Every structure is written in structure tokens, then in C-alpha cells.
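# What the coordinates show
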Amino acid sequence: MTHKQVIALDVNNVSVAYGGGRLALRQASLQVQGGSVCGLVGMNGSGKSTLFKTVMGFLPPLRGTVQVFGQPVIRAQKAGLIAYVPQSEDVDWNFPVSVREVVMMGRQGKMGWLRRPNAVDETLVEESLERVGMSAFMNRQIGELSGGQRKRAFLARALAQEGRLLLLDEPFGGVDVGTSEAIIALMGELRREGRSMLVSTHDLGTLETFCDEVALIADRTVLLYGPTDEVLTADNLAATFGGRSPLHAQPSAKRVEVRP
Amino acid sequence: MTLEFLLEPLQYDFMTRALLVSALVGTVCAVLSCFVILKGWSLMGDAVSHAVLPGVVISYLLGLPFVIGAFFFGLVTVSAIGFIQSRSRVKEDTVIGVVFTALFALGLVMISKISSEVHLSHILFGDVLGIGDSELWQTVIAGTIALIVTLLLRKDLLLYVFDPTHARSIGLNTGVLNYVLLTMLALTIVTALQTVGVILVVAMLITPGATAYLLTDKFSKMLWIAVACGILSAVIGTYGSYFLDGATGACIVLVQSLFFLLAFIFAPKHGQLARRRQQMAERADELGEGGPPAAPRPVLTRVRASGKTEASD
Ligand SMILES: Nc1ncnc2c1ncn2[C@@H]1O[C@H](COP(=O)(O)OP(=O)(O)OP(=O)(O)O)[C@@H](O)[C@H]1O
Ligand SMILES: [Mg+2]
């Protein structure tokens, strides 16, 4: 597979602050290989969402660099390589747009300057809605959905973008078991299509089912990242969650060296 | 009332001009109003419209077209607000209030110093019936530019207003879109000055959009409804003011407010009557489900303490 050769996301030694002095991310490094799924795990406030915002260029790094497919972030965004679904959407839910129109916004960067959708855009929007099981709701006003349905609608928008790198910040937050299984299946499909993903989650139990790699993040920096089975040891998780591993009953003897 | 009586105003040249100008102004303002109310910029609109006053006076003194001074001061206002807000802890609405009242006061002082021969009351209250050739052209040009730019960029502006994060993430320059929208706001205000005047411009910039917002959940329809409202009220208001002999701007605004009131009460989904009807239907639904009393549902017995010890940490 050719995707395996490239590095989809390269975060190199990045520090950022929100303003107010304290760093929100300290010299974090992370790589996501092309075509693979990387899970991002850590406690509340450890810096997962901050890492996503940094990758998207919303928070300018004080040091270090971020590259997406070997390009600076802005170039990659203009080329439509990145799709991002934030942890929670900060939008006006009474806005006069339908679910379908919201998903169509995922295509907007790729339309001509008059922003007229063509047949391909229409098909992609319908397919994306189908894939997240939201076809029945496509003509609803965006606020007339439940929390989980809203999440799926915005996931559909990310799909419609056809980005090669998907950044999903807690896609399983507030969704039911069936939906989270459907999302995992969907991520499997996307992975087979050769897309790369960075996915933050608190659901450690399902990590192994969909991640090739896992990154552990604690105290505002990436502790280590690597293949799922090597990273998910009791000791590493204990270090991440400050005490005992939430996954393991008893600590095992195996230990992976923490990368600098 | 006879038809002749109604057609009488149209035989005057000044009346047809006034009707055309106010219809154009109604259109431009209506289009902008859709963005203004969704973005929550009503106060910003009010601010810019008041703050252009010194610009109008200065262009008058220098013999420049009034749109130039007004537009320049519109941009100054917007930039001053942005600048102060980004560099202080004061909230946005406070900054807006401070800036525009300062500039409006400056304008009033200027008018009072030069008022002996000049009458700028048409800028304060509007006077579309007395619009001169030069002002007519200035209005038409400014209005056409604002209309065309806003309509061409409407998709990106809409995306920016709805979800700036997403707009950025697909590579749109949100900083530029923000300033484009503010600039179009300033240009639209300048367009409407001659018709409704500084003090009432803001009504043109929010009421049609607000009315349309009550009537539909689709942005494309909202634009059309707002434009229809804008044109209709401009024409009815101007026409009415002929018979009332004056205060054209105020008449237009009154008609718009009436439209809003009608929408507020009768809108099919978001109006007061519709809401009442929904509530009644829901209540009927709830009571109607009575029927034969349902078999008592098994109540889950409360889970007994399973002998776990209290978590001790
Ligand atoms: N807008 C902000 N301004 C200032 N500090 C912030 C802001 N957002 C987050 N922080 C701080 O940055 C740190 C990292 O926050 P972040 O949102 O990245 O956590 P997270 O790992 O996504 O947590 P969660 O699991 O709760 O989503 C936290 O200590 C938080 O208090
Ligand atoms: Mg988070």
C-alpha cells in the first residue's frame, strides 16, 4: 500500500498557550502514518482538544511545527486534505439551515467561486448522510435533532469533505452503543479507503478494535505513541491516568520505554 | 378612494424617483439584514449608522459626495471597535456603545457649529422625496455595489456566520470575510442614509431579516422574503408619506414594523398562534392517550446494596 509510506500528520515538539501564561501543550510530538488510525487517550484537561486545535492552526504554536502530508497546515486546508469534527459544535442551533445544507458546507471549499454544488457534490452529500444513518433527517432544521444526531450530522459533513486526514475529537461522546459501533465500523471503512485518522476517546475498551496506533497524553504533553498493543500496557495507562490503569485489573510486568 | 386619487402621486417626477430609490434601498438593506440578525450585529448596525454623521458633515464642508465621507467614517467606526475590543477587557457591546456615541456627538457638535446656512436634517431623518441628482446617483452606485458583492459572496458569508471554525478549517480566510461583511454593512448604511436617515437606518437593517426569520427555516427563502418585505414596505411607506406629506423614512419603518408584528403573530411555525395551536395539540394528545388504563408497569425493584464497601481513597 502506498499510503503507508507517507506521514499523514507530523506534530513536532509543539508548545501552545491560550493566552494567560500557562502552557496548554508542552513540547508535544506525534506522528500519524498515512492510512492508519491513531487513538488519542488522556484524562480531562490533559490537552487532547488543544492538540486538535493546534493541528488545525487555530492556536498558533509558540514553538515546534505541524505538517500535514508534508505541507504546512494552511496549504493542506486549502487543498481540502483535512476534515475536523470538534468535540462540541459551537453554532447557533436555530440557524435557518437544514441538515442537508450543513453537510453540503463540507463541499464548499471544493466548489467553484460561485459555490454552486454540482451533481458530484449532491451525490457525496447523500452518501455521507446515508453512511451515518441520517438520510431520514436530511430536511430537518439543524436544531431539530438530538445531541447524538447532531454529532452524526457533523460527522457526515466531515465525510463529505473527502479529506485524507480526519480529526475526530471524541466522536463517541454522548452517543448510544449502537451509534458508537456504527461509527467504529465507519472508521474501518474509511481506513480501508486509505484515509488517516486521529481520534480522541475516553472509551479505552474499544480502542483495540479500531486503532492501529495509540498516543497517550497526560499533563499537557504526549507521553508516548506507537502500535496499540505495545502502548496499551497497564504501566503506561497508569502513568497516563495518574495511578491505576482503568483497563487492567492488575499491573502486568511488560513495560514499554517512554519516548522522549 | 378612486384610482385616480391613488395614481396621482405617480405623475410627479420626484415621486417616481423616490419610489425607485426607496425600493432599491429596501432591497439592499433586506439582503444585509439577513446576515446582520443571524450574526447578532444589530447593535453594530446601529453604531455604524450613527457614527457616519461626522463623515457626512465633513464631506459637505469639503464639497465631496456625502457617501465618501460617510463610508470612510463607517470603516473608521468598525476598525476602532475591533481595535479597542481586542486590546481591552471591556465587553463588545460596551465598546460599540462608547465608540458610536462619541462619533455621533462629534457629528452633532459639527452640525451645530455650521448650521446657520446648512440643513443636514435630511441626513438625520432622511428625505427621499427631495433627493437631488447627485445624491440619487451616489445612492444607486453604493447600493448596487453592496448588493452585488453580498449576493456573490453569500454562500461563504453564510458559512462564516454559521460556523467560523468550519469556514477556517476548509481554508477560507475568516478575517477577510469578517471585514467584507462589515464593509458591506457600512456601504449599505450609506446607501440608506438619504432615504431613512441616520437615526432609523438600523430598522431597515434588522426588521426585514427578523420578519423573514420568523417565517422560514431556509436561508434562501429567508433572503427572498426579506427582500419582498423590504421592497413592499419601502414602496408603501414612500407612497403613504406623500399623502401624509412627509416623514418618509419613518413611514417606511412603520410599515416594516407592522410586517414584523404580523409575522410574530401569524407565522405558520414560529408565530404566536401556531405555538398556541401546537401546545393545545400536544395537550390533547396527552389526554387522549388515556383510553383504557394501561396495565401497571412492573416497577424495577431498587437494587439492593451489593455488599460493596464504600470507595475509600
Ligand atoms: N479556551 C481556553 N482558555 C484557556 N485555557 C483552556 C482553554 N481551553 C482549554 N484550556 C485548558 O487547557 C488544558 C487542556 O484542555 P483540553 O480542552 O485540551 O483538554 P481535553 O484533553 O480535551 O479534555 P476533555 O477530555 O475534557 O475534553 C486544560 O487544562 C484546560 O483548562
Ligand atoms: Mg476535549
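Residues numbered from 1 in each chain as written. Chains lettered and ligands numbered in written order. Predicted model: local features only at pLDDT ≥ 70, side-chain atom pairs only at ≥ 80, totals over all residues. Heavy atoms only, no water.

## Considerations on the packing of helix H2 (residues 13-39) of chain B against helix H11 (residues 174-215) of chain B
Residues and elements named next belong to chain B.
- One way to put it is that H2 packs onto H11 with a least axis distance of 5 Å and a crossing angle of 60°. Classified by the interaxial angle, the pair formed by H2 and H11 is oblique. Of the two elements, H2 crosses H11, and the hand of that crossing is right-handed.
- Looking at side-chain class alone, the contact of H2 with H11 contains 21 nonpolar, 7 polar and no charged residues. (Axes fitted to C-alpha atoms, helices over the stretch in contact; angles between N-to-C directions. Helix = DSSP H or I, 4+ residues; strand = E, 2+ residues; numbered from the N terminus. Parallel < 35°, antiparallel > 145°, perpendicular 65-115°, else oblique. Left-handed = near helix turned anticlockwise from the far one by under 90°. Nonpolar A, V, L, I, M, F, W, Y, C, P; charged D, E, K, R; others polar.)

## With respect to helix H6 (residues 92-114) of chain B
Residues and elements named next belong to chain B.
- With 23 residues, H6 should cover 33 Å at 1.5 Å per step; its first-to-last C-alpha distance of 34 Å lies within 8% of that length.
- Val-95, Ile-96, Val-99, Phe-100, Leu-103, Phe-104, Gly-107, Ile-111 and Ile-114 are the residues of H6 that are buried.
- In this fold, the buried residues of H6 make contact with helix H3 (42-51), helix H4 (53-62), helix H5 (66-86), helix H7 (121-125) and H11. (Expected span 1.5 Å × (residues − 1). Buried < 20%, exposed > 50% of the residue type's maximum accessible area, 1.4 Å probe, protein only. Contact = heavy atoms within 4.5 Å.)

## Topic: the sheet that holds strand E9 (residues 213-218) of chain A
All names here are of chain A.
- Read across the sheet, 6 strands follow the order E6-E7-E8-E3-E9-E10 without closing on themselves; strand pairing throughout is mixed. At either margin of the open sheet sits one strand with a lone partner, and together these are strand E6 (82-85) and strand E10 (221-227). Here the strands of the sheet are splayed against their neighbours by 15° on average, with no regard to which way each runs.
- Judged from the 4 bridges that link them, E6 and strand E7 (residues 165-169) form a sheet pairing that is parallel. The residue bridging Val-85 from the neighbouring strand is Leu-168, located in E7.
- Here helix H5 (residues 147-160) sits on the sheet in contact with E6 and E7, set at roughly 175° to E6.
- Along the sheet, helix H6 (residues 177-192) makes contact with strand E3 (37-41), E7 and strand E8 (196-200), crossing E8 at roughly 155°. (Pairing = 2+ DSSP bridges.)

## Notes on the site of ligand 1
Residues and elements named next belong to chain A.
- Inspection of the region around ligand 1 gives 14 residues, with Asn-44, Gly-45, Lys-48, Ser-49 and Thr-50 positioned closest.
- Interatomic distance of 2.9 Å between a side-chain N/O atom of Asn-44 and an oxygen atom of ligand 1.
- Within the side chain of Thr-50, a nitrogen or oxygen atom sits 2.5 Å from an oxygen atom of ligand 1.
- With 3 residues, helix H1 (residues 48-55) is the largest single contributor of residues to the shell around ligand 1.
- Class assignment for the residues of the shell around ligand 1 results in 3 nonpolar, 8 polar and 3 charged. (Near = heavy atom within 4 Å. Polar contact = N/O pair within 3.5 Å; in protein donor to acceptor, adjacent residues only side chain to side chain.)

## Brief notes about the packing of aromatic side chains
- Applying the stated criterion across every chain, the model contains 13 aromatic pairs over all chains.
- Connected via pairs of aromatic rings, a cluster forms that spans Phe-5, Tyr-12, Phe-14, Tyr-239, Tyr-242 and Phe-243 of chain B.
- We note Arg-164 of chain A situated over the ring of Phe-69 of chain A; from NZ or CZ to the ring centre the distance is 4.1 Å. (Phe/Tyr/Trp six-rings, centres within 6.5 Å; stacked < 30°, edge-to-face > 60°. Lys NZ or Arg CZ within 6 Å of the ring centre and 35° of its normal.)

## Here we look at the confidence of the model for chain A
- Summarising the model, chain A shows a mean pLDDT of 90, and 93% of its residues fall at 70 or more.
- Low confidence marks residues 250-255 of chain A, where pLDDT is under 50. Its contacts with residues over four positions away, or in another chain, come to 9 contacts. (pLDDT = per-residue confidence, 0-100.)

## Details of the side chain of Lys-48 of chain A
Residues and elements named next belong to chain A.
- Within the fold, Lys-48 resides in helix H1.
- Look at Lys-48: it is buried, it has no salt bridge, and the nearest opposite charge is Glu-170 at 4.5 Å.
- With near-sequence residues (within four places) excluded, Lys-48 lies in contact with Leu-40, Val-41, Gly-42, Met-43, Glu-170, Ser-200, His-202 and Ile-217. (Lys, Arg positive; Asp, Glu negative; His and termini not counted. Salt bridge = Lys/Arg side-chain N within 4 Å of Asp/Glu carboxyl O.)

## Let's talk about the coordination of the magnesium ion (ligand 2)
Residues and elements named next belong to chain A.
- Looking at the magnesium ion (ligand 2), the protein donor atoms are Ser-49 (OG) and Gln-87 (OE1), and they sit 1.9 to 2.1 Å from it. Of this pair, Ser-49 sits in helix H1 while Gln-87 sits in the loop between E6 and helix H3 (99-104), and the two are 38 residues apart along the sequence.
- Residue class for Ser-49 comes out buried when judged on its relative accessible area of 18%. (Donors = N, O, S within 2.8 Å, 3.2 Å for Na, K, Ca; no water.)

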